[in-house]
Amino acid sequence: MSRRIGWTPTTERAAATIERAAATEEGDHPTMKITPEEIVRAPKVLLHDHLDGGLRPQTVAELAAGIGHELPAAPERLGEWFRESADSGSLERYLETFAHTVAVMQTAESLTRVATECVEDLAADGIVYAEVRYAPELHLSGDLDLDAVVRAVGAGFAEGERRAAQAGRHIVVRQIVTAMRHAARSMEIAELAVRYRDQGVVGFDIAGAEAGYPPTRHLDAFEYLQRENAHFTIHAGEGFGLPSIWQAIQWCGADRLGHGVRIVDDITHTADGDVRLGRLAAYVRDKRIPLEMCPSSNVQTGAAPSLAEHPAGLLTRLRFRVTINTDNRLMSGTSLSREFAGLADAFGYELADLQWFTLNAMKSAFLPFDQRLALINNVIKPGYAALGAERAFAQMHQRTF
Ligand SMILES: O=c1[nH]cnc2c1ncn2[C@H]1C[C@H](O)[C@@H](CO)O1
Ligand SMILES: [Zn+2]
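Residues numbered from 1 in each chain as written. Chains lettered and ligands numbered in written order. Predicted model: local features only at pLDDT ≥ 70, side-chain atom pairs only at ≥ 80, totals over all residues.

Looking at an unreviewed UniProt entry, the protein chain carries the name Adenosine deaminase, with the source organism given as Actinopolymorpha singaporensis. Quoted straight from UniProt, the Sequence similarities (unreviewed entry) entry for the protein chain says "Belongs to the metallo-dependent hydrolases superfamily. Adenosine and AMP deaminases family. Adenosine deaminase subfamily." Per UniProt, the comment on the protein chain under Function (unreviewed entry) is "Catalyzes the hydrolytic deamination of adenosine and 2-deoxyadenosine." (UniProt positions renumbered as here; feature names shortened; annotations may be inferred.)

> Outline the site of ligand 1, supporting the account with residue identities and numerical values.
Around ligand 1, the surrounding shell holds 19 residues, and the nearest of these are H50, F98, Y134, A135 and A207. Of the residues contributing to the shell around ligand 1, the split by class is eight nonpolar, seven polar and four charged. (Near = placed C-beta within 6 Å. Nonpolar A, V, L, I, M, F, W, Y, C, P; charged D, E, K, R; others polar.)

> Account for the UniProt feature "active site" (unreviewed entry) in the protein chain, with residues named and values stated.
Per the UniProt record, "active site" (unreviewed entry) is annotated on E238. With respect to the element layout, E238 can be found in the loop between strand 5 (233-236) and helix 11 (242-251). For E238, a count of 27 C-beta atoms within 10 Å puts it in the buried group. The residues touching E238, leaving out its near neighbours within four places in the chain, are L91, E210, H259, V261, T301 and A303. (Helix = DSSP H or I, 4+ residues; strand = E, 2+ residues; numbered from the N terminus. Buried ≥ 20, exposed ≤ 12 C-beta atoms within 10 Å, placed from the backbone. Contact = placed C-beta atoms within 7 Å.)

> Give a description of the pairing of strand 4 (residues 201-207) that names residues and reports values.
Of all seven residues making up strand 4, six are buried, and the element is well covered by its neighbours. The pairing of strand 3 (residues 172-180) with strand 4 spans six bridges and is classified as parallel. Following the sheet pairing, Q175 is matched in strand 4 by V201. The β-α-β motif built from strand 3, the intervening helix 9 (residues 186-195) and the parallel element strand 4 has right-handed crossover chirality. (Pairing = 2+ DSSP bridges. Right-handed = clockwise from strand over helix to strand, strands pointing away.)

Here it is, written out as structure tokens:
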């Protein structure tokens, strides 16, 4: 029998307001709306971000000029061009924009530069731990082989961490190597992930067009990774529905789901306001399978109708293990803080919710357990406690004057 929780978007918001009001009366929970500045300052964790989807527009322009690659827009209009072109309502058309980023990432120098800047940008956004993914097989048009690609990106991440620390921002960044689901190199990429597991690569992923390319095409790679006790996530439930999610989890053994938004197709609202979870949705929630949700990207590809109607709202309310991510910062013109600000507007999320998403993400990271725990206890919890204390004082001052 399903539990009666009577969820609708309106009751969701009303319930949150009542809970907040009650908490304030008890005096234990400040209720000021979280500001964009506070969101940036809050320690955050990012599990799903593509290296080739996060370049600075200026860097794309400079690298393209250096190799004579023709771009579709002038440097000052490039960011807008990526956003508008990716805003297509289709995953396949969204992915076409990557031709121009991948084209300028074919040398060790360019990969290292892009990786360094990526870390600097994430650190400036208040991210303390990130797993950044890319497909090594897409960077072989120059002189590089797969190993050289991983080393060039690793060098950039290390340099970015060093520069961020110099600027007073501490961040840890690890690689996830992706295989393209339409191609046939997943076994090689899985072997690459295992080869570099002690040199900054924490996991494996498959990406690219989902419809027509089920994850089971790469079963040998997933079975190999399982034998090696290695971690992997699978883009599933974005451009295709429940069968893709089911295969990713039950057949391939994914640790996490990239997006997974379509899991809501297995959740029904009854006429009297009940919410019923189908077997697959219940399994995902019971097993605490992390969902790497990327709200802006999902709206652009048509996987979600709008930010306000994004399934993250319902899934959070139902206490799935939701994490919030950027996917492609360039194509969406976004940052993790912007994603959170959009969700805070849509669903009334506060500092405590931001901490919940962040702890979900840190618990779900592919980093070893002791390192996850250290970040939770020494960085994330103290960071939120300090912000919470500031807010409490600010609220008292507001009452006094
Ligand atoms: O959201 C996505 N879904 C599927 N594939 C994606 C998504 N974002 C980026 N990619 C693809 C395009 C990139 O070239 C590749 C590796 O990062 O992954
Ligand atoms: Zn993605």
